[in-house]
Amino acid sequence: MEKIKVGKIVNAVGLKGEVKVYNYSDSSEIYEITPEVYVGSELLEIENVREQKNMVILKLEGINDRNAAEAAKGREIFITEDDLPELEEGEYYVRDLIGMIVKEGDTVLGKVTNVLQNTAQDVFEVERENGKQLLIPRVDEFVLDIDLETREIKVQLPEGLLEL
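In this text the structure is predicted, and so the values were computed from the model without any measurement.

**Student:** In this structure, what is going on with the overall build of the chain? I would like to understand it.
**Tutor:** Regarding its fold elements, the chain presents 3 helices and 12 strands. Against the compact-globule benchmark of 15 Å for 164 residues, the chain has a radius of gyration of 20 Å, which places it well outside the compact range. Considering only C-alpha atoms, the chain reaches an extent of 60 × 30 × 25 Å along its principal axes. Within the chain, the proportion of its 164 residues that are buried is 36%. In the chain, the proportion of contacts linking residues at least 24 apart, taken out of those at least 6 apart, comes to 49%. Here the chain displays about 10,200 Å² of accessible surface, and carbon together with sulfur accounts for 44% of that area.

So this is what it looks like as structure tokens:
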């Protein structure tokens, strides 16, 4: 069973044991649909979820006062692979894209090392064999196909992009 990191406890909230979580996923929904999470190696039930200024606030089983919440500060939160929600067609988890081979025609351009998500669209970071990095925006004009079975991403890059 693989555990997937979804957040980190960054602070205590109030006196009743709530914790403020820096959420690594793009939505707080994961905490609402998952009945329990691992806090470090300890499996805890989620008793309540709310949002406050783009932060997730959790009330977790066994963390019942401010002292316990303070003690949990800095611990990372994980879910299991089984807790991941089903994705719509054409959506992918970043963890599934890392390591995929990027090809233009029959030419291998490199491997995906990261997916930047803080831009208007996702951007694939591709490490080339020569050690250089290539950034490919995930737009339909450039990314033609993503095949999870063959672990290949087929692209059609604009002229001159490889020379940058």
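**Student:** Is there a simple way to think about the sheet that holds strand E2 (residues 18-23) in this case?
**Tutor:** Neighbouring strands of a sheet are bound in pairs by backbone hydrogen bonds; such pairs are parallel or else antiparallel. Spatially, the 6 strands close up into a barrel ordered E1-E2-E5-E4-E3-E6, and their pairing is antiparallel. Mean inter-strand twist for the sheet, computed between neighbouring axes without regard to direction, equals 50°. When strand E1 (residues 3-13) meets strand E6 (residues 76-80), the two strands line up antiparallel, connected through 5 bridges. Bridge assignment links Lys 3 to a residue of E6, and that residue is Thr 80.

**Student:** What should I look at first to understand the pairing of strand E11 (residues 143-147) in this one?
**Tutor:** Side-chain direction in a regular strand flips from residue to residue, so the side chains alternate between the two faces of the sheet. The pairing of E11 with strand E12 (residues 152-155) spans 4 bridges and is antiparallel. Within E12, the position partnered with Asp 145 by the bridge is Lys 154. The turn joining E11 and E12, which pair antiparallel and follow one another in sequence, is formed by 4 residues; a positive phi near 60° is taken by Arg 151.

**Student:** Please clarify how the pairing of strand E3 (residues 36-39) should be interpreted in this entry.
**Tutor:** In this structure, E3 lies alongside strand E4 (residues 42-52), joined through 4 bridges in antiparallel fashion. Across the sheet, the residue bridging to Val 39 is Glu 42, located in E4. The turn joining E3 and E4, which pair antiparallel and follow one another in sequence, is formed by 2 residues; a positive phi near 65° is taken by Gly 40. When E3 meets E6, the two strands line up antiparallel, connected through 2 bridges. Among the inter-strand pairings, Val 39 is bridged to a residue of E6, identified as Ile 77.

**Student:** Quick question: what am I supposed to make of the sheet that holds strand E10 (residues 133-137) here?
**Tutor:** On the basis of which strands lie adjacent, the open sheet formed by 6 strands has the order E10-E9-E8-E7-E12-E11 and mixed pairing. At either end of the open sheet lies a strand with only one pairing partner, and these are E10 and E11. Neighbour to neighbour, the strand axes of the sheet diverge by 35° on average, direction disregarded. Two elements, strand E9 (residues 123-127) and E10, share 5 bridges in a ladder whose sense is antiparallel. Its bridge partner being in E10, Glu 125 is matched across the sheet by Leu 135.

**Student:** How do you make sense of the confidence of the model for the chain when you look at a structure like this?
**Tutor:** If pLDDT is low for a region, its predicted coordinates should not be looked at in detail. Summing up the model confidence of the chain, the mean pLDDT is 89 and the portion of residues at 70 or higher is 99%. Confidence, read as mean pLDDT per element, is least for helix H3 (residues 94-97) in the chain (85) and greatest for helix H2 (residues 66-72) (95).

**Student:** Looking at this structure, I do not really get the layout of surface pockets. What am I missing?
**Tutor:** Of the pockets and cavities examined, the largest pocket occupies roughly 740 Å³. Around the largest pocket, the lining is made up of 24 residues, and of these Ser 25, Asp 26, Tyr 92, Tyr 93 and Gln 117 lie nearest the centre. Broken down by secondary-structure element, the contributors of at least two residues to the lining of the largest pocket are E1, helix H1 (29-33) and H3. Looking at side-chain class alone, the lining of the largest pocket contains 13 nonpolar, 4 polar and 7 charged residues.

What counts and what doesn't
- Residues numbered from 1 in each chain as written.
- Predicted model: local features only at pLDDT ≥ 70, side-chain atom pairs only at ≥ 80, totals over all residues.
- Heavy atoms only, no water.
- Helix = DSSP H or I, 4+ residues; strand = E, 2+ residues; numbered from the N terminus.
- Rg over C-alpha atoms; globule rule 2.2 N^0.38 Å.
- Buried < 20%, exposed > 50% of the residue type's maximum accessible area, 1.4 Å probe, protein only.
- Contact = heavy atoms within 4.5 Å.
- Areas by Shrake-Rupley, 256 points an atom, 1.4 Å probe, with all protein chains shown as cover.
- Pairing = 2+ DSSP bridges.
- Axes fitted to C-alpha atoms, helices over the stretch in contact; angles between N-to-C directions.
- pLDDT = per-residue confidence, 0-100.
- 1 Å grid on protein atoms, 1.4 Å probe; cavity = no way out; pocket = protein on both sides within 12 Å on 5 of 7 lines; lining within 4 Å.
- Points joined across faces, edges and corners; volume = space filled by probe spheres on them.
- Nonpolar A, V, L, I, M, F, W, Y, C, P; charged D, E, K, R; others polar.

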